[in-house]
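# Structural description and commentary
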Amino acid sequence: MAAASAVRAVGRRSRRLFDIFVAEIPWTVSSKELKEYFSQFGSVQRCQLPFDKDTGFHRRYCWIKFSTPQDVQNVLQKDSHILEGAKLTLKQQSRRRRSQRKNQSE
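Just so you know, these numbers come straight off a predicted model, no measurement behind them.

This paragraph deals with the overall build of the protein. The secondary structure content of the protein amounts to 4 helices and 5 strands. Helices and strands appear in the protein in the N-to-C order α-β-α-β-β-α-β-β-α. Residues classed as buried in the protein amount to 32% of the 106 residues present. Looking at the protein alone, contacts between residues at least 24 apart form 65% of all its contacts between residues at least 6 apart. Surface summary for the protein: the accessible area is close to 7300 Å², and the carbon and sulfur share equals 50%.

To continue, consider helix H2 (residues 31–38). Among all positions in H2, only Leu34, Tyr37 and Phe38 are buried. When H2 is viewed along its axis, its buried side chains cluster within an angular range of 85 degrees and face the same direction. On its buried face, H2 sits against strand E1 (20–23), strand E2 (44–48), strand E3 (61–66), helix H3 (69–77), strand E4 (81–83) and strand E5 (86–92).

One finds Val22, Ile25, Leu34, Phe38, Cys62, Ile64 and Phe66 to be the most contacted residues of the largest nonpolar core, which totals 18 residues. Looking at this core, the elements that each hand over two or more residues are E1, H2, E2, E3 and H3. Setting aside its immediate chain neighbours within four residues, isoleucine 25 contacts Leu34, Leu49, His58, Arg60, Tyr61, Cys62 and Leu88.

Turning our eyes to something else, we now look at the packing of aromatic side chains. In this structure the tally under the stated criterion is 8 aromatic pairs. Between tyrosine 37 and phenylalanine 38, the aromatic rings sit 4.9 Å apart at their centres with planes inclined by 85 degrees, giving edge-to-face as the arrangement. Judged by relative accessible area, which is 12%, tyrosine 37 ranks as buried. Phenylalanine 38 sits in the buried class, given a relative accessible area of 0%.

A word on the environment of lysine 35. Here lysine 35 lies in helix H2. On a C-alpha basis, the gap between lysine 35 and cysteine 47 in space is 6.4 Å, while along the polypeptide they are 12 residues apart. In contact with lysine 35, not counting residues within four places along its chain, are Val44, Gln45 and Cys47.

Looking now at H3. Where H3 is concerned, the buried positions are Asp71, Val72 and Val75. Down the axis of H3, the smallest arc covering the buried residues is 100 degrees, so these residues share one side. Along H3, the residues that are exposed and aim more than 90 degrees away from the buried face are Pro69 and Gln77. On its buried side, H3 packs onto E1, H2, E3, E4 and E5.

With 74% of its residues at a pLDDT of at least 70, the protein reaches an overall mean of 83. In the predicted structure, residues 3–7 sits below a pLDDT of 50 and forms 0 contacts with residues beyond four places in sequence or in another chain. Below a pLDDT of 50 lies the segment residues 10–15, which in the model reaches 3 contacts outside its immediate sequence neighbourhood of four places, other chains included.

Conventions adopted
Residues numbered from 1 in each chain as written. Predicted model: local features only at pLDDT ≥ 70, side-chain atom pairs only at ≥ 80, totals over all residues. Heavy atoms only, no water. Helix = DSSP H or I, 4+ residues; strand = E, 2+ residues; numbered from the N terminus. Buried < 20%, exposed > 50% of the residue type's maximum accessible area, 1.4 Å probe, protein only. Contact = heavy atoms within 4.5 Å. Areas by Shrake-Rupley, 256 points an atom, 1.4 Å probe, with all protein chains shown as cover. Arc of directions from axis to C-beta. Core = buried A, V, L, I, M, F, W, Y, C linked by side-chain atoms within 4.5 Å. Phe/Tyr/Trp six-rings, centres within 6.5 Å; stacked < 30°, edge-to-face > 60°. pLDDT = per-residue confidence, 0-100.

The structure is reproduced here in structure tokens:
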């Protein structure tokens with residue numbers, strides 16, 4: 001049980017390293033298609049699209065990691081992102097480390 005929670009904690013920490021959180025992804029879109037779409041804005045280093053073990057479908061959200069901050073700005077400057085007729089919801093991830101947030105709350 002402790003090992004499972006440790007794995008989840010590592011997963012949460014690694015997600016903080018991503019630049020953009022993308023939601024409302026259509027069921028039919030793959031991680032390859034997401035990488036191809038977002039590569040028009042810059043170099044995509046990684047796309048993490050989690051799957052549900054029970055259903056086998058992805059969870060309709062992902063995290064995208066870009067090579068440079070300028071690539072992230074290129075994505076955010078576009079008003080709307082539409083894949084297969086669905087409007088994606090984007091949110092820029094905070095790049096602050098855990099220790100920085102802890103110091104700010106004190």
